[in-house]
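Okay, here's what each chain looks like letter by letter:
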Protein chains: 2
Amino acid sequence: MEREHFSKVFDEELNTIREKLLEMGGKVEVMIANSMKSLVERDSELAERTIAFDHEINHLEMEIDERCLEVLARRQPAARDLRFITLALKIVTDLERIGDQCTGIAKRAKELNMEPPLKPYIDLPRMADWASMMVKEALDAFVRGDDTLAIKVCKDDQFVDELNEQIQRELLTFMMGDPSTISRAIKVNYISKCLERIADHATNVAEMVIFMVKGKDIRHTIA
Amino acid sequence: MEREHFSKVFDEELNTIREKLLEMGGKVEVMIANSMKSLVERDSELAERTIAFDHEINHLEMEIDERCLEVLARRQPAARDLRFITLALKIVTDLERIGDQCTGIAKRAKELNMEPPLKPYIDLPRMADWASMMVKEALDAFVRGDDTLAIKVCKDDQFVDELNEQIQRELLTFMMGDPSTISRAIKVNYISKCLERIADHATNVAEMVIFMVKGKDIRHTIA
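Residues numbered from 1 in each chain as written. Chains lettered and ligands numbered in written order. Predicted model: local features only at pLDDT ≥ 70, side-chain atom pairs only at ≥ 80, totals over all residues. Heavy atoms only, no water.

## Overview of the packing of helix α3 (residues 79–112) of chain A against helix α3 (residues 79–112) of chain B
Any two packed helices are characterised by how steeply their axes cross, that is the angle between the axes, and by the distance between the axes. The contact between α3(A) and α3(B) brings their axes to 9 Å, and the two run at 50°. Here α3(A) is positioned oblique relative to α3(B), judged by the angle of their axes. Taken as a pair, α3(A) and α3(B) cross one another with a handedness that is right-handed. Seen from α3(A), the contacting residues are T86(A), L89(A), K90(A), V92(A), T93(A), D94(A) and R97(A); seen from α3(B), they are T86(B), L89(B), K90(B), V92(B), T93(B), D94(B) and R97(B). (Axes fitted to C-alpha atoms, helices over the stretch in contact; angles between N-to-C directions. Helix = DSSP H or I, 4+ residues; strand = E, 2+ residues; numbered from the N terminus. Parallel < 35°, antiparallel > 145°, perpendicular 65-115°, else oblique. Left-handed = near helix turned anticlockwise from the far one by under 90°. Contact = heavy atoms within 4.5 Å.)

Here is the structure:
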């Protein structure tokens, strides 16, 4: 009975960590969407709000970290649970840094909104959608222990990398053709890099999930 | 007696993690130095070797991760030791990503070495020296539990950010003045960003050290 109670409370604690991580993931997705919206719709006020919102992500990072440490100290979990908690600790760091990237996008958006538009944004929102989906799927894969989904995320990263390269090439032709576009093109290029890094963070999470599920480290074996 | 033996073995295990982390840090410093040397001295062969060397960093990441998990599972550490191990888990991730940044620098160096030099590199090597010192000091602060040194690292980050901005401004004037330099300037700019990110990783580590020592999370309170 004592043991059953212990196990029930422990399960609840793990569930709370799971839920908090998903909550953090959901907020990060909102940040990705809003930072891009502030760029595409030239909405600098939304950019400001997005930058301020990063505070909530940071707060969740600290909260989840503390919860993980508490569970490790009080429950002394083993095997699979231990791996779950230590990966949760690493994953919050990735999520928090995705928030930082969104802040970077919103800051550049504010600057770009003060100048004439360089060109309509087509590939950047596509890239953002992919990156956001990768973040969501990587977290889903984590909480469900779904390595098939995690492998999909790792593969999707290549498409985002290709989009980033395509955008960079296009911006280069702009800059070559008209030097007055250089300053703006560099900012758009920065945003593209931010999105690529968001996708990289999602990939990192997915690789760690595969490790958790398979107990095998593929982080540095997949090309 | 039994207890004393346990505590001695446990201490040795923590020491091994400490040493392995310093070893990984030392190798990362070599990667920073060599990636920059391959650029400044136009040594593409060294760039190749630097890219290949990343394998060793990745290997150490996996090894330290495994050691941390083993200690958590078998020793069930509490309080300060627990915090040490969970931060070690996070820190290896930062170190591994510094290795990735060095790989990025070496790849760009190889490309730049195939074209005429854009300009002598003065600020970039300075930035690399600072970033490398920050990595070293952040790790020293970690293994010694020295929050004063960690605070210094956080402050130094500002100087690296300023150098990065200065380099970006300078490259912009190059590109504006002569569009034929744009493609090379973008690559130099990329390298500058890589160094800035290395310094960011060192800062992340330092912030976590302050958290470990003070038991207080300053990650999102220092401006």
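Here the narrative resumes.
## Describing the interface of chain A and chain B
At the interface, 35 residues of chain A touch 35 residues of chain B. Summed over both sides, the interface of chain A with chain B buries roughly 3300 Å², with 62% coming from carbon and sulfur. Summed over the shared surface of chain A and chain B, the number is four salt bridges. Seen at the junction of chain A and chain B, the total is eight residue pairs in polar contact (both at pLDDT 80 or more). At the level of secondary structure, the elements contributing two or more residues to the side of chain A that touches chain B comprise α2 (44–75), α3, α5 (147–177) and α6 (182–214) of chain A. Looking at which element gives the most residues to the side of chain A that touches chain B, the answer is α3(A), with 10 residues. Taken together, the residues that form the side of chain A that touches chain B break down as 15 nonpolar, eight polar and 12 charged. (Buried area = accessible area lost by both parts, 1.4 Å probe. Salt bridge = Lys/Arg side-chain N within 4 Å of Asp/Glu carboxyl O. Polar contact = N/O pair within 3.5 Å; in protein donor to acceptor, adjacent residues only side chain to side chain. Nonpolar A, V, L, I, M, F, W, Y, C, P; charged D, E, K, R; others polar.)

## Some words on unusual backbone geometry
Positive phi values are uncommon outside glycine, yet Q76(A) reaches one of about 45°. For Q76(A), the position within the fold is in the loop between α2 and α3.

## A few points about the UniProt feature "domain: PhoU" (unreviewed entry) in chain A
Residues and elements named next belong to chain A. Those places that UniProt annotates as "domain: PhoU" (unreviewed entry) correspond, in this numbering, to residues 21–108 and 125–209. Measuring from the first to the last C-alpha atom of residues 21–108 gives 28 Å, for a span that is 93% helix and 0% strand. The span residues 125–209 is 93% helical and 0% strand by assignment, and the distance between its end C-alpha atoms comes to 27 Å. (UniProt positions renumbered as here; feature names shortened; annotations may be inferred.)

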